[in-house]
2 protein chains.
Amino acid sequence: MAITIKDVAKHANVAPSTVSRVIADHPRISEKTKKRVRKAMKELGYHPNLIARSLASKSTSVIGLVMPESADVIFQNPFFSSVLQGLSARAYEKSFALQMTTGKTKDEIFQEVVQMVQGRRVDGLILLNSHVEDRLMSYLMNCDFPFVVIGKPYKHEEQITHIDNDNFRAAKEVTEYLLGLNHERIAFIGGHRDLVVTVDRLLGYEKALREASIELRDSYIVHAEFLKEGGEEAIDELLKLAEPPTALVVTDDLMTLGVLHMLDKMEISVAEQMSIVSFNNVFLAQMTQPPLTSVDINIFSLGYEAAKNLILKIEDPKEPVKRIIIPHQLVIRSSCERLEGKAHSSLSTKK
Amino acid sequence: MAITIKDVAKHANVAPSTVSRVIADHPRISEKTKKRVRKAMKELGYHPNLIARSLASKSTSVIGLVMPESADVIFQNPFFSSVLQGLSARAYEKSFALQMTTGKTKDEIFQEVVQMVQGRRVDGLILLNSHVEDRLMSYLMNCDFPFVVIGKPYKHEEQITHIDNDNFRAAKEVTEYLLGLNHERIAFIGGHRDLVVTVDRLLGYEKALREASIELRDSYIVHAEFLKEGGEEAIDELLKLAEPPTALVVTDDLMTLGVLHMLDKMEISVAEQMSIVSFNNVFLAQMTQPPLTSVDINIFSLGYEAAKNLILKIEDPKEPVKRIIIPHQLVIRSSCERLEGKAHSSLSTKK
DNA sequence: TTGTAGGCGTTATCAC
DNA sequence: GTGATAACGCCTACAA
């Protein structure tokens, strides 16, 4: 059996409660006894039982992470690794532990979260992505349980602390960037419509085109999974069009990777024949051929701020609701080129 | 205050212990009272307090994950995402939660693990990678605390349950594969020497060359970080040699990505001028240009089996020590070509 | 089959 | 300043 607070108490000739106070560094304990107790702790190799502490103090110093439904590979997006790093960094600084959901489907994850919350296993939750209709959020709001969202809540935006980029503006800017390079036939390849981030980026794209008085074509807007196959299907559809686009806005670097692969197969050269702006600027973006022009959304900060603000709320329930916008910046590499002459790519002349 | 077992007991007109037994589905409780109690639980919306349960039962149903020291980007290797998926899958099946370390340095992580273990926060641990001299392992063995290692322990192999690939053999096979393609000047680009996996793969590579009576050259063996920059530096060194290699064994797909990037810059064509075999076969391997020939090491299984065997050991401390070898297979794509004529690449003629 | 009571290792509220 | 003592919510002998 492990050393308990009582053993330490005996060893130091004090009451258990005194030991407890020493652990908490209670101010009105004399330095002398503090020293004595600490010595006893050292000698016995005492470590507090955190479970017991949690039970008594009704707090765990654990943050629950609601992972994306890892249907399959979405999970492997380096985006999540980076978010994790940000979360870890702040959690470590504040001595919080991180516990994650393991379920694959929305339902599984929902049940797990209920367990975590009702089971008092975590002090707060971070939702790593935001769905359009999110049962989880309603539940958590209902419980009045501390949580923050990475991304933008679809509903009740004003009542939920969330950490997001200005995806609308970012998408608008990149589209304008392409317009500035003379492109007019710009297509949009987005992730799942169910994700708020996709919706926001789509709106920004549309806004830019509208402001430039360029007609929106439904056929230029395709949605795909965040992965290779997705990118491939998407590009396939687009290139079959009578007037294929000369430039692409793709909402995720990983999808862009699929797009590059596909273009390569079709012997369409990126930049020269097809300009591409991508999102997220994960480390892969600089390693592709050509290196991608991509919007850096400061993923690490998303995670760091999420943890920071959740902990703030845990420590003080009266902490007000906040919306934190993490800045983004377009990192220009080599996947875009100016379209010379009229807005017709070499592709259209094939027809 | 939340609903407790006592509230349910009152509501159902039984003793708290009876409720507890119903929760545990104790056999000698009559179906009738079980039903009644369950009804009461439903009606009151009861959820057990897992912390209290842990304290009383001295078990948490939580597995601790010892993450790699995320100095920076190693963490972003899709390898870890895949391992996590495997771990999650089994953890979910057995209703275990996953809690991870957040520290960046070895020391930080060590301290966290001590907290987890002594704080009784987790029932067991999974070490996601294995270092050459691992203080953590000694500590855990000393405590007799349940843990399994993904990879091969450097020491005490016979006393530590671990899940590994036969990295020696895998490396030997890929080297032989290259030899079979007529290559003789085969270089090895490995990760950090501190990682057991690197050592194993290096030994396999050397063995294959030795068996083929090909001299080992120190200059053909380079170590680098698991990332882009690493790959670039490595390739740079190799190509400066008087007799540069015609083929490469690279121990990680991500490093290979860096290598590809570098070769591309130097206008050396992969396969044609430089054959490459890589390791891990993460999803990126099929998306590069050209797609990589890579050893699939079944990362998901590594994770799944790790969780499975740890839980086995948690459930029965007498569970024997095991070494689980996950099979691997070489996935041949397009990054290697047969070397025609004598073993001289077009590169050497440049000199 | 079910109830009673003590314990799990802390923290927290009283007193002194 | 420090020491009893009662929670915290559940599990588990031991009784009945």
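The following refers to the structure shown. Counting from 1, residues in each chain are numbered in the order their sequence is written. Going through the entries in the order they are written, you letter the chains from A and number the ligands from 1. With the structure being a predicted model, the display of local features is reserved for residues of pLDDT at least 70 and the display and counting of side-chain atom pairs for 80 or more, all residues being used for whole-chain, interface and lining totals. Processing note: side-chain calculations cover all non-hydrogen atoms of the structure and skip hydrogens and water entirely.

Looking at the pairing of strand β3 (residues 124-127) of chain B
Residues and elements named next belong to chain B.
Piece 1. Throughout this description, buried means an accessible area under 20% of the type-specific maximum (1.4 Å probe, protein chains only), exposed means over 50%, and partly exposed covers the range between. Strands are runs of DSSP state E lasting at least two residues, helices are runs of H or I lasting at least four, and both sets are numbered from the N terminus onward. Side chains of β3 alternate between two faces, with Gly124 and Ile126 and Leu125 and Leu127 buried alike.
Piece 2. Of the strand pairs in this sheet, strand β1 (residues 62-66) and β3 are connected by 4 bridges, and their pairing is parallel. By the bridge assignment, leucine 65 is partnered in β3 with isoleucine 126.
Piece 3. Here a strand pair is declared whenever DSSP counts at least two bridges between the two strands. As paired strands, β3 and strand β4 (residues 147-150) are joined by 3 bridges and run parallel to one another. From the neighbouring strand, leucine 125 faces β4, where its bridge partner is phenylalanine 147.
Piece 4. For the handedness criterion, the strands are oriented away from the viewer, and a crossover whose path from the first strand over the helix to the second runs clockwise is classed as right-handed. In this view, the connection linking β3 to its parallel neighbour β4 by way of helix α7 (residues 135-143) has right-handed handedness.

Re the sheet that holds strand β7 (residues 221-223) of chain A
Residues and elements named next belong to chain A.
Piece 1. Read across the sheet, 6 strands follow the order β7-β6-β8-β9-β10-β12 without closing on themselves; strand pairing throughout is mixed. Of all the strands in the sheet, just β7 and β12 (329-331) have a single pairing partner and so form its edges. Put simply, the sheet's adjacent strands are angled 20 degrees from each other on average, direction ignored.
Piece 2. As paired elements, strand β10 (residues 293-296) and β12 share 3 bridges and run antiparallel to each other. If you follow serine 294 over to β12, its bridge partner there is valine 331.
Piece 3. Each of β6 (186-190), β8 (247-250), β9 (275-280), β10 and β12 is contacted by helix α8 (residues 167-180), which is oriented at about 165 degrees to β9, the strand it contacts most.
Piece 4. With respect to the sheet, helix α11 (residues 253-265) is in contact with β6, β8, β9 and β10, its orientation differing from that of β9 by roughly 155 degrees. A fitted line through C-alpha atoms serves as each axis, taken over the contacting stretch for helices, and the angle formed by two N-to-C directions is quoted from 0 to 180°. Two residues form a contact once any of their heavy atoms are found within 4.5 Å.

Observations concerning the relation of the copies chain B and chain A
Piece 1. Copies overlap after least-squares fitting; the atoms used are the C-alpha atoms of residues with pLDDT of at least 70 in both. Superposition of chain B onto chain A requires a rotation of 180 degrees combined with a translation of 0.0 Å along the rotation axis, giving an RMSD of 0.0 Å. What the superposition gives is, in effect, a two-fold axis relating one chain to the other. Considering only C-alpha atoms, the residue of chain B closest to the rotation axis is B:Gln99, which sits at 2.1 Å.
Piece 2. Comparing contact sets, 98% of the residues at the interface of chain B also lie at the interface in chain A, consistent with an isologous, same-surface contact.

Focus on the packing of helix α1 (residues 5-12) of chain B against helix α2 (residues 16-23) of chain B
All names here are of chain B.
Piece 1. As a packed pair, α1 and α2 sit with axes 8 Å apart at the nearest point and diverge in direction by 105 degrees. Between α1 and α2, the crossing angle belongs to the class labelled roughly perpendicular. Contacts between α1 and α2 involve Ile5, Lys6, Val8 and Ala9 on the former and, on the latter, Pro16, Val19, Ser20 and Ile23.
Piece 2. Nonpolar residues are Ala, Val, Leu, Ile, Met, Phe, Trp, Tyr, Cys and Pro. Charged residues are Asp, Glu, Lys and Arg, and all others, Gly as well, are polar. Residues that form the contact of α1 with α2 fall into these classes: 6 nonpolar, 1 polar and 1 charged. Here the word oblique covers every angle except those under 35 degrees (roughly parallel), over 145 (roughly antiparallel) and from 65 to 115 (roughly perpendicular).

Notes on the interface of chain B and chain A
Size of an interface: often given as the accessible area lost when the parts come together.
Piece 1. Taken residue by residue, the interface counts 58 residues in chain B and 57 residues in chain A.
Piece 2. Across the chain B to chain A interface the summed buried area is about 5,200 Å²; carbon plus sulfur atoms make up 62%.
Piece 3. Two N or O atoms count as a polar contact when they lie within 3.5 Å, although within protein this holds only if one can serve as hydrogen donor and the other as acceptor, and sequence-adjacent residues are included solely when both atoms are side-chain atoms. Taken together, the connections running from chain B to chain A amount to 10 residue pairs in polar contact (both at pLDDT 80 or more).
Piece 4. Broken down by element, the residue count for the side of chain B that touches chain A peaks at 8 residues, all from helix α5 (residues 78-93) of chain B.
Piece 5. A per-class count over the side of chain B that touches chain A returns 27 nonpolar, 23 polar and 8 charged.
Piece 6. Here 3 bridges tie strand β2 (residues 97-100) of chain A to strand β2 (residues 97-100) of chain B, and the two strands are oriented antiparallel to one another. When the bridges of β2(B) are listed, A:Met100 appears paired with B:Leu98. Buried area adds together the accessible area that both of two parts lose upon being put together, with accessible area traced by a 1.4 Å probe.

Bear in mind that shape data such as this cannot, by itself, settle questions of function.
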